[in-house]
Structure formats: structure tokens, C-alpha cells
Amino acid sequence: MKKKWAYGIIFIIALIVFCVVGNRIYMWKTSNAKNESPDFVFLYAENQTADYPTTLGAEKFADLVYERTDGRIKILVKHGAELGSEMEVIQQLRYGGIAFARVSISQIAEYVPDMNILQMPYLYSSSDHMWRVLDGEIGDEFLSKASEYNLVGLSWYDAGARNFYSTKPITCLEDLQGMNIRIQESDMMADMVSALGANPVKIVYSDVYSALEQGIVDCAENNWPSYEAMDHYNVARYYTIDEHTRVPEMQICSAEIWNQLSESDQQIIMDCAKESALYERQLWQEREKTSREIAEKSGVTVIAITPAEKQRFRKAMSSVYEKYCVNQMDILEKIMEY
């Protein structure tokens, strides 16, 4: 009996040792597999700060791709415009110098004019309205248009509503007359500002603070998180909510890089891009609320344009619609009614 107990104890100890050693070997193999050099290492360009929703969305995208390809594809996110301005990044994407990026469609529209319709002033009645459009067949159709410029559209990111912020209050259309307003490198935005009676001034994003501080411009326009993240509220103390545009942002891939990947990897990247987009939208809502609270606590004056005044702004856009949507008026109406 004692021998049986002894054999039993020995067997149990041996089993435990086997399990422990086996687990160690498994963990070692798994660790080694993940530490092997990836098949591809790609750069992702982002011009916002490290804690910005679009940057965090990009990091989420990179993590998902790395995980689902078992470490075969590694994406390095470079934020803070380290790889250049959005226009410079798009040029590099075309030739495969950069693999991925998150850019405003204002920039892509400079090369793919059909994109302009998605950023027409006062096109969307609300955030929910915009996402109904972009998450549906219309949004998919416009993602595919990126191929016209040797790019691959992956998913849509949120950038909220853009509003004016200035060194003096804007309460009505007359207040904009003669103002120097900083805009993106976008012809459509320049035409929008001109139609409102102001003077558009194209200045790169990183120089907006000094331009406002030095009086080169009286006003700029952007969303709450951008206004707060770059400390623009310190030099432009009036934030006027007119929601003139809701400009969606696009995650894109260089077609040169895309064509190097297998169909299965392309599908993984597409799925990860769409999943990261949902994550970014959630972060955006949280960040927008926080950014507004920070600006308001600093003493910024928030001005909400009345519905009647907003209608005057909208009517001033007729020339912009005619210039950029002359052959797409049916799509414009479809989006407005979607």
C-alpha cells in the first residue's frame, strides 16, 4: 500500500513538472515567434499630438494589425507632423515613401475633386446625419474614389464640426467682412471664406498660433479638440459655433504598398481600419467635451450663431455649391436628405 502511495505521489510530481516545463516551452516558443523580425515595417503619418483621438485611433489600428498578422506587419505611427504636412504626406503616399496616413479630405480633394462634395458648408444637419451617409453606400463609394490618386481608402475618422475662433467676437455675417481668416491648404475652404466676405489666408497648421498672436490673421477655424490641443484659445478668445463644415477624415494606404500585400493581409488591414474608426469616434466625443470644458474654464467666450443667422451663412454658399457640385447636384441633394 505504501509503495502504491509512493508511486502515486511520484506520478503526480512528474505530471506537475511536465506541465510546468511544457508551459515554459510553449511560452518560450510563443515569445520567440512574436519577437521574430516582421515581414513588413510601415510608416503611418499623423499630424496631431500624441494624445489626440486620431493619433490614438492610429495606434489602435497599428496594434490590431500587428496582433492579427501575428507580428508579420508592424506599423510605426509618427505623430506631430514628423513626416511632413498633410499635402507632403499625400505626395509620399502616392509613391510608397509612406504606407499609411490619416488625412483630412480637404487635402485629398485637391487631387480628387469629387471629394469636395463631402465637405460642402452646411451639408450635414448633425453628426448622426453624417455617419448615416459615410457608413452607407455613399461613404463606400467615396472611399473607392481615392484610387484615382493611387491611394486606397480604408475608413472614415471623425473630426467633429469646424467653427470660427477669433480675436474679436463674431455674432453675425457682417462681423466677418474684411477679416483675415486662416484656412487649410484647400481651394474650397478659400472660396467658402471669400463667399462670407472675409479674406482667406493659407497657413500650415503648426504656424496658426503665431499667426494669431502676431495679428497676421484675425481668425481661424477648426474643431474644439484642435483649438484646445494647440493652445489656440490663448490667442483667440472668441469661439463662434456656426458648424460651417463637418469635414470627415480618411485613413488611407499607398496603392504601391497595398499591391505588395496578399489579399488576406489586405482584408485584415481593412477590417482593422474600420474597427479603429469606431474606437476613434468614441474617443472623439469624449475629447470634444473635455476640450470645450478646458477652453471655457480659461475664460473663452462661446458664441452660438442663431438659426436665422446660420441661414444667412448658408445662403451665402450658393456660389460654392455651383462651383464644386455643378455636376453632382443630385448627389448633394441625396446627401442632404439621407
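Residues numbered from 1 in each chain as written. Predicted model: local features only at pLDDT ≥ 70, side-chain atom pairs only at ≥ 80, totals over all residues. Heavy atoms only, no water.

As named in an unreviewed UniProt entry, the chain is Tripartite ATP-independent transporter solute receptor, DctP family, taken from Butyrivibrio hungatei DSM 14810.

A. Structural view of the environment of Ile-269. When you line up the elements, Ile-269 lands in helix H12 (residues 263-297). Spatially, the C-alpha atom of Ile-269 lies 8.2 Å from that of Leu-154, the residues being 115 residues apart in sequence. Every residue in contact with Ile-269, bar those within four places of it in the chain, is listed here: Phe-61, Val-65, Ile-73, Phe-100, Leu-154, Trp-258 and Leu-261. (Helix = DSSP H or I, 4+ residues; strand = E, 2+ residues; numbered from the N terminus. Contact = heavy atoms within 4.5 Å.)

B. Quick peek at the packing of helix H2 (residues 53-68) against H12. Two numbers describe how H2 lies on H12: the axes approach to 8 Å, and their chain directions differ by 150°. In terms of axis orientation, H2 runs roughly antiparallel to H12. At the point where H2 passes H12, the crossing takes the right-handed sense. For the pair H2 and H12, contact is made by Pro-53, Thr-54, Leu-56, Gly-57, Lys-60, Phe-61, Leu-64, Val-65 and Arg-68 and by Ile-268, Ile-269, Cys-272, Ala-273, Glu-275, Ser-276, Tyr-279, Glu-280, Leu-283, Trp-284 and Arg-287, respectively. Here the residues of the contact of H2 with H12 sort into 12 nonpolar, 3 polar and 5 charged. (Axes fitted to C-alpha atoms, helices over the stretch in contact; angles between N-to-C directions. Parallel < 35°, antiparallel > 145°, perpendicular 65-115°, else oblique. Left-handed = near helix turned anticlockwise from the far one by under 90°. Nonpolar A, V, L, I, M, F, W, Y, C, P; charged D, E, K, R; others polar.)

C. Up close: the environment of Arg-102. Position of Arg-102 relative to the elements: it lies in strand S3 (residues 100-104). Put simply, Arg-102 and Thr-54 are 48 residues apart on the chain and 7.5 Å apart in space, counted from C-alpha to C-alpha. Leaving out residues up to four positions away in the same chain, Arg-102 has contacts with Tyr-44, Ala-45, Glu-46, Asn-47, Gln-48, Thr-54, Glu-86, Tyr-157, Glu-249, Met-250 and Gln-251. A polar contact of 2.7 Å, which involves the side chain of Arg-102, links it to the side chain of Asn-47. (Polar contact = N/O pair within 3.5 Å; in protein donor to acceptor, adjacent residues only side chain to side chain.)

D. Spatial organisation of the nonpolar core. The biggest cluster of nonpolar side chains holds 57 residues, and the ones touching the most others in it are Leu-118, Met-120, Trp-156, Leu-176 and Met-250. The dominant element in this core, judged by the number of residues it contributes, is helix H8 (residues 187-195), at 5 residues. When residues of this core are sorted by domain, at least three fall in each of domain 1 (40-159 + 247-289) and domain 2 (161-246 + 295-337). Among all residues touching Leu-176, those that are not within four sequence positions of it are Phe-164, Ile-170, Ile-181, Leu-196, Gly-197, Ala-198 and Phe-313. Listed in part, the 24 residues of the second largest apolar core include Ala-58, Val-152, Leu-154 and Ala-255. (Core = buried A, V, L, I, M, F, W, Y, C linked by side-chain atoms within 4.5 Å. Buried < 20%, exposed > 50% of the residue type's maximum accessible area, 1.4 Å probe, protein only. Domains from an automatic or database assignment.)

E. Focus on the sheet that holds strand S1 (residues 40-45). Read across the sheet, 5 strands follow the order S2-S1-S3-S10-S4 without closing on themselves; strand pairing throughout is mixed. Only two strands of the sheet have a single partner each, and these edge strands are strand S2 (73-78) and strand S4 (151-157). Sheet twist, expressed as the mean angle between neighbouring strand axes with direction ignored, is 25°. Inspection of the sheet shows S1 paired to S2 by 6 bridges, in the parallel sense. Residue pairing across strands places Phe-40 opposite Ile-73, the latter belonging to S2. Lying on the sheet, helix H3 (residues 86-94) is in contact with S1, S3, S4 and strand S10 (249-254); it crosses S3 at an angle near 140°. (Pairing = 2+ DSSP bridges.)

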